[in-house]
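Examination of the molecular architecture
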Amino acid sequence: MMRHALAEGWLLLRNRGLISPVLAMALAIPISLAGVTLSVRQWLAPVITLGDRENVVTVLLHPRLDKAGRQGWMSDQVQSHPEWELMAVEPEELAVRLAAWFPYLEEVLEREGPEMLPPMVEVRTREPESVLELKDHVEVLAIGPTSSVNRVVGKVARRFAFVLISVAGALVAGAVLLGAIWVHLELHRNAEEIAIMRLMGATEATVRGPFLVAVAVPALLAAVLSVVSTVVVVGWMAQLVAPLGLVAAGVPLAVLVFQVVAAVGLPLAAAVVTLERYA
Amino acid sequence: MIRIRGLTKDYDRRQILRGVDLSIDAGEMVFLTGPSGAGKTTLLRMLYAAEQPTSGEVWVAGSRVDTLSRSELPALRRKVGIIFQDFKLLRRKTVLENVTFVLRFHGIPPRESHRRAYKVLKRLGLHHRQSALPESLSGGEQQRVAIARALVYQPRLILADEPTGNLDADLASELLSLLCDINYQGATVVLATHDHTLLESLPARTLVLHRGGIGYDGMWPP
């Protein structure tokens, strides 16, 4: 059976001539591009984590709010915003911070004591802009800057990574489609011979074996071409972006494994499905 | 060897076969005849499950053919040698490869396959053309390759659809003699033909298809 599949598969390849290497190239190109895309996506991973970092927003409360009132207000916020982490900044700590930033206040602070400072609360959150909703609270005097540069950069990187993954998926889907069309055309070309083989008592495995061999050989070639070209292209790109200080590692091993699986496994799977449905 | 009960076949509301009942014992040689369009080829095709009947039962070598699954068909077809009216040769394979190819499905090693194929081709006078491709052969030669392919694995049942259609009188007579020999060795032979000369050259059981049924079943000439 195996010998028959190899012999007839080889004949199919030989009859095609140059079509097989061209087909291998056609498979290798989208899979290489997918590999490059996935490698670049890996580079974005540290930038994406920026979006997950927490930001701290300071909130100044009304000076008339005493310690108990501040505690009550904080409890309410924790209940209504479980994603926030609230920390009260004690007046002494606030006085130290203010003196550090504004030395001319040191004298006033010493004279009046830190109790004259309004109560302050720090809100630790991944969505700093969400703290702005407190501005309408009567207890709130002012809200500090809600800087979210990290989050925006992380968000953009995440979206870009999603686009890259989608592009890689589309490229691999294109490769699978190519494999399926290729097998379909081969079946069409050999439909008469398949019918004769069946009438002569050939089993399904005997009929399908040669086609699977004829798919597997260019698919293996495509896998080798994809891996080599991805390593070369990613190496070149890594050199280009190295001055930017990005983590320009090589191709992750998982990407190489994915490429081999995609180049060999997916066309073979497409071939099996096509043979099952149309042979 | 063959048992058919109430076999009916319709094509586009046109009834080709109507309630055919038939029994052929192992070792028989049977001619199947009738005018063009009488259903000879259709009846043969249903014996090797290339077509499904509209209704009725078809039994071949102990298996009910009309209910066999796709995975069970190869085993049935390996028991049957089929000689097609249109040869059905593999275009990209040589004469020898066309004959040895089928032996692969029987698990016969290449060396033994070549020996057997050469022997059959020699008997059919085609051994000198073993390396030729089918397209370079005459109609008669292609017919003989198809016959060699059907005989090479010594099946217990041979179904021949107009096997002499492309042969001259001498070759037709030689083929009939070959089929008689095979039948004499115990194989069942069913030969569909509309060639009356062929029918008259050998007294044998003959089934005449007429208006979708078996109009005559007996020795020919009557």
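Data block above holds the structure.
Now for a look at the structure at hand. (Residues numbered from 1 in each chain as written. Chains lettered and ligands numbered in written order. Predicted model: local features only at pLDDT ≥ 70, side-chain atom pairs only at ≥ 80, totals over all residues.)

Let's talk about the overall build of chain A
Check the secondary structure of chain A and you find ten helices and four strands. Secondary structure elements of chain A occur, N-terminal to C-terminal, as α-α-α-β-α-β-α-α-β-β-α-α-α-α. Residue burial in chain A is summarised as follows: out of 279 residues, 30% are buried. Counting contacts in chain A only where the partners sit at least 6 residues apart, residues at least 24 apart contribute 82% of the total. (Helix = DSSP H or I, 4+ residues; strand = E, 2+ residues; numbered from the N terminus. Buried ≥ 20, exposed ≤ 12 C-beta atoms within 10 Å, placed from the backbone. Contact = placed C-beta atoms within 7 Å.)

Section: the sheet that holds strand S8 (residues 188-192) of chain B
Residue and element names in this part refer to chain B. The mixed open sheet is built from six strands, whose spatial order is S6-S7-S8-S3-S9-S10. At either end of the open sheet lies a strand with only one pairing partner, and these are strand S6 (80-83) and strand S10 (213-220). In this sheet, adjacent strand axes meet at a mean angle of 15° when their direction is disregarded. Across four bridges, the pairing between S6 and strand S7 (residues 157-161) is parallel. Across the sheet, Ile82 pairs through a bridge with Leu159, a residue of S7. Contacting strand S3 (29-33), S7 and S8, helix H6 (residues 169-184) crosses the sheet at an angle of about 150° to S8. (Pairing = 2+ DSSP bridges. Axes fitted to C-alpha atoms, helices over the stretch in contact; angles between N-to-C directions.)

Quick notes on the packing of helix H9 (residues 204-241) of chain A against helix H10 (residues 253-278) of chain A
Helix-helix packing is characterised by the crossing angle of the two axes and by the distance between the axes. Residue and element names in this part refer to chain A. Orientation of H9 relative to H10, taken along the N-to-C sense of each, is 160°, at an axis distance of 8 Å. Taken together, H9 and H10 sit at an angle that is classed as roughly antiparallel. Here H9 runs over H10; the crossing is right-handed. For the pair H9 and H10, contact is made by Arg208, Phe211, Leu212, Val215, Ala216, Ala219, Leu220, Ala222, Ala223, Ser226, Val227 and Thr230 and by Leu256, Gln259, Val260, Ala263, Val264, Pro267, Leu268, Ala271 and Leu275, respectively. Looking at the contact of H9 with H10 residue by residue, the classes come out as 17 nonpolar, three polar and one charged. (Parallel < 35°, antiparallel > 145°, perpendicular 65-115°, else oblique. Left-handed = near helix turned anticlockwise from the far one by under 90°. Nonpolar A, V, L, I, M, F, W, Y, C, P; charged D, E, K, R; others polar.)

Structural notes on the interface of chain A and chain B
In this complex, chain A contributes eleven residues to the contact, which on the side of chain B involves 13 residues. The set of elements that each furnish at least two residues to the side of chain A that touches chain B consists of helix H1 (2-16), helix H8 (191-199) and H9 of chain A. Broken down by element, the residue count for the side of chain A that touches chain B peaks at three residues, all from H8(A).

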